[in-house]
Amino acid sequence: MTTIIQQGLPLTPRRAAQAARVLLANSVLMIFGFFTFIAVFALHYTNDLRFTAAVVGLALALRQLMQQGLDIFGGAFADRFGYRFAITLGCAIRGMGFIGVGVAHTLPQLLLSCAVMGFGGMFFDAAGTAALSNVTAPAARARTFALQATLNNVAAAVGPVVGIAIYSRFGFLPVALFAAVVFFWIGAQTALFLPPEVSRVPEVVAERALTPAQIFRAIVLRRSYVRVIALLIGFWFIIGQVTLTVPLRVAAVDGKGAVALILGLNAFLAIPLQYPLVRFAERHLTQVHILAGSVFLSGLGLVIIFLAPSLVWQIVGISITTVGSLAVGPITNAITAQVAPPRAIGAFFGFSAISIGLGGLGQLLGGSIYDAQRTLHLPWLMGAFLASVTLCIAFLLWQAPSPTSTPSYDASHEAVEDIASESGIIPSPVG
């Protein structure tokens, strides 16, 4: 019988399918719970508690930096102690963070709660992606990640509608409590139903797990991969505006009711388009060219939103942004799965998420620029900022070498002991 080897353990197709179902369900529920919450986060703190957009951006940036910025450590933790434990622990911490944000009324309380949210995400983020990669055949990974993204978009479409409905009727705290319950359930679901073959790390693997120094060396040897991940910071820098300044801009032009429409449209459009678009792009473009085109279209749509005088143009803008952003996640995950050493897959997915974490600083800067735009009466300021970042990152990505090429390393690296070769420290022909 054909098997998939996950961390040295045989996984039959039936058990792999069961694991994939649990992991995909986890991912969908995570997106649903998060978007239920995030759709009203900026509205609550700017409109109800009168925080500035810059302060809200700081809180969001801290949450993102704590999560994706530290994902490499969460991934290494999952590689050593097991995916099931990491996901369950992270979801419990994330749920407590939601409750904290729900009751926070001062800046220190908000920042502490957002940091807890991010800390929880550090554990489950890379672990979930790495686990799904490990239970999927290599040839099917890009399609699986595209399917995951499509299902996530369904959740991202429904989440804001639910969040706005609860917020309008009951206020912000019930939204936060609802999101917390969703994440507590995800943790329980993982502990109960994820197959032990996926979640248990046998002693032989734990003994030969890569050290932090070996993981770092494996990463830096893949120079073209590191370059692409670094450039993607710019993409996440601009796309982070969708959760902060875009809702504020839409509410200012068209009222609060339009926020759910725009965020929901962003997700609903992706449902039928993501999978076929990724498949089409893979057949006609290299991976880095797909990423470059994605950055350009995403930025173009955001510029239109911030220069748009009406809801119609904002719909056009969010539609372009949606199409542009569809391929970034699946392609980045597929690249990471291709270049990662077998015993450091979680750590590599954690490293790839650093671009998202550092890109979260765009929420802080974007919030500051949005405040300045309103104060100085410069309606073009956000558009100019987004256009500048977009053109720069898209051009550099278009010129970047393929991250699947063999990295450069000197001949002395070839003399390392066999365990390094077996563990993936010495790069394979696909880098």
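Residues numbered from 1 in each chain as written. Predicted model: local features only at pLDDT ≥ 70, side-chain atom pairs only at ≥ 80, totals over all residues. Heavy atoms only, no water.

### What about the overall build of the protein chain?
Link 1 in the chain: If you tally the helices and strands in the protein chain, you get 21 helices and two strands.
Link 2 in the chain: Counting all 431 residues of the protein chain, 56% fall into the buried class.
Link 3 in the chain: A fraction of 85% describes how many contacts in the protein chain between residues 6 or more apart in sequence connect residues 24 or more apart.
Link 4 in the chain: When the accessible area of the protein chain is evaluated, it comes to approximately 17,000 Å², of which 70% is carbon and sulfur surface. (Helix = DSSP H or I, 4+ residues; strand = E, 2+ residues; numbered from the N terminus. Buried < 20%, exposed > 50% of the residue type's maximum accessible area, 1.4 Å probe, protein only. Contact = heavy atoms within 4.5 Å. Areas by Shrake-Rupley, 256 points an atom, 1.4 Å probe, with all protein chains shown as cover.)

### Comments concerning the pattern of salt bridges
Link 1 in the chain: Scanning all chains against the criterion turns up one salt bridge.
Link 2 in the chain: The shortest N-O distance in the salt bridge between Arg-374 and Asp-371 comes to 3.2 Å. In this pair, Arg-374 and Asp-371 both sit in helix 19 (residues 361–376), three residues apart, roughly one turn of the helix. (Salt bridge = Lys/Arg side-chain N within 4 Å of Asp/Glu carboxyl O.)

### Some points on helix 13 (residues 257–284)
Link 1 in the chain: Given a rise of 1.5 Å per residue, 28 residues ought to cover 40 Å, and the 40 Å separating the end C-alpha atoms of helix 13 matches this to within 8%.
Link 2 in the chain: In the structure, helix 13 departs most strongly from a straight axis at Leu-273, where the bend amounts to approximately 50° and where the proline Pro-276 lies between one and four residues downstream. (Expected span 1.5 Å × (residues − 1). Bend = angle between axes of the 7 residues up to and from the residue.)

### Here we look at the nonpolar core
Link 1 in the chain: Membership of the largest hydrophobic core comes to 117 residues, with the highest contact counts inside it found for Phe-37, Phe-41, Tyr-45, Val-101, Leu-110 and Leu-397.
Link 2 in the chain: Non-local contacts of Phe-41, meaning those with residues more than four positions away in its chain, are made with Val-56, Ala-59, Leu-60, Val-101, Leu-110, Cys-114 and Phe-172. (Core = buried A, V, L, I, M, F, W, Y, C linked by side-chain atoms within 4.5 Å.)

### Comments concerning the packing of helix 2 (residues 53–68) against helix 5 (residues 107–134)
Link 1 in the chain: Relative orientation of the contacting elements helix 2 and helix 5 amounts to 25°, with a least axis distance of 6 Å. The orientation of helix 2 relative to helix 5 falls into the category roughly parallel. Like other packed secondary-structure pairs, helix 2 and helix 5 cross with a definite hand, here right-handed. Counting all contacts with helix 2, which are made through Val-55, Leu-58, Ala-59, Leu-62, Arg-63, Met-66, Gln-67 and Gln-68, the residues of helix 5 involved are Leu-107, Leu-110, Leu-111, Cys-114, Ala-115, Met-117, Gly-118, Phe-119, Gly-121, Met-122, Phe-124 and Asp-125.
Link 2 in the chain: Of the residues contributing to the contact of helix 2 with helix 5, the split by class is 14 nonpolar, four polar and two charged. (Axes fitted to C-alpha atoms, helices over the stretch in contact; angles between N-to-C directions. Parallel < 35°, antiparallel > 145°, perpendicular 65-115°, else oblique. Left-handed = near helix turned anticlockwise from the far one by under 90°. Nonpolar A, V, L, I, M, F, W, Y, C, P; charged D, E, K, R; others polar.)

### A closer look at a nonpolar patch on the surface
Link 1 in the chain: A grouping of Leu-273, Phe-296, Leu-297, Leu-300, Val-323 and Leu-391 is seen on the molecular surface, where their side chains present a nonpolar patch of about 450 Å² in accessible area.
Link 2 in the chain: Top element by residues in the nonpolar patch is helix 14 (residues 287–307). It accounts for three residues.
Link 3 in the chain: Positionally, Phe-296 belongs in helix 14. (Patch = residues over 30% accessible without salt bridge, like charges linked within 9 Å, V, L, I, M, F, W, Y side chains within 5 Å.)

### Comments concerning the environment of Arg-63
Link 1 in the chain: In this fold, Arg-63 is placed in helix 2.
Link 2 in the chain: Separated by 49 residues in the primary sequence, Arg-63 and Leu-112 have C-alpha atoms spaced 9.3 Å apart.
Link 3 in the chain: With residues near it in sequence (within four places) discarded, Arg-63 still touches Phe-34, Gln-68, Arg-94, Cys-114, Met-117 and Gly-118.
Link 4 in the chain: Here the side chain of Arg-63 touches Gln-67 through a polar contact of 2.9 Å, side chain to side chain. (Polar contact = N/O pair within 3.5 Å; in protein donor to acceptor, adjacent residues only side chain to side chain.)

### Some remarks on the packing of aromatic side chains
Link 1 in the chain: All chains considered together, the criterion is met by 18 aromatic pairs.
Link 2 in the chain: With a centroid separation of 4.9 Å and 45° between ring planes, the pair formed by Phe-77 and Phe-81 is classed as tilted. Separated by four residues within a single helix, Phe-77 and Phe-81 lie in helix 3 (residues 71–81), roughly one turn from each other.
Link 3 in the chain: With a centroid separation of 5.1 Å and an interplanar angle of 85°, the aromatic rings of Phe-119 and Phe-123 are classed as edge-to-face. Of this pair, Phe-119 and Phe-123 both sit in helix 5, four residues apart, which is roughly one turn of that helix.
Link 4 in the chain: Overall, the relative accessible area of 8% leaves Phe-123 in the buried class. (Phe/Tyr/Trp six-rings, centres within 6.5 Å; stacked < 30°, edge-to-face > 60°.)

### Thoughts on the confidence of the model for the protein chain
Link 1 in the chain: Scored by pLDDT, the protein chain has a mean of 81; 88% of the residues are at 70 or more.
Link 2 in the chain: The secondary structure element of the protein chain with the lowest average pLDDT is helix 21 (residues 418–423), at 32, and the one with the highest is helix 7 (residues 172–193), at 95.
Link 3 in the chain: Counted against residues more than four places away or in other chains, residues 1–9, with its pLDDT under 50, gives 29 contacts.
Link 4 in the chain: Counting contacts from residues 405–431, a segment whose pLDDT is below 50, to residues more than four positions away or on other chains yields 51 contacts. (pLDDT = per-residue confidence, 0-100.)

### Some points on the packing of helix 1 (residues 13–48) against helix 2
Link 1 in the chain: Running from N to C, helix 1 and helix 2 point in directions that differ by 150°, and their axes come no closer than 9 Å. As judged from the angle between their axes, helix 1 and helix 2 are roughly antiparallel. Handedness of the crossing formed by helix 1 with helix 2: right-handed. For the pair helix 1 and helix 2, contact is made by Phe-34, Ile-38, Phe-41, Ala-42, Tyr-45 and Thr-46 and by Ala-53, Val-56, Ala-59, Leu-60 and Arg-63, respectively.
Link 2 in the chain: Class assignment for the residues of the contact of helix 1 with helix 2 results in nine nonpolar, one polar and one charged.

### Observations regarding the side chain of Gln-314
Link 1 in the chain: Relative to the helices and strands, Gln-314 resides in helix 15 (residues 311–325).
Link 2 in the chain: Residue Gln-314 is classed as buried on the basis of its relative accessible area of 0%.
Link 3 in the chain: Dropping the residues within four chain positions of it, Gln-314 is found in contact with Arg-249, Val-250, Val-253, Asp-254, Ile-262, Ile-305 and Ala-308.

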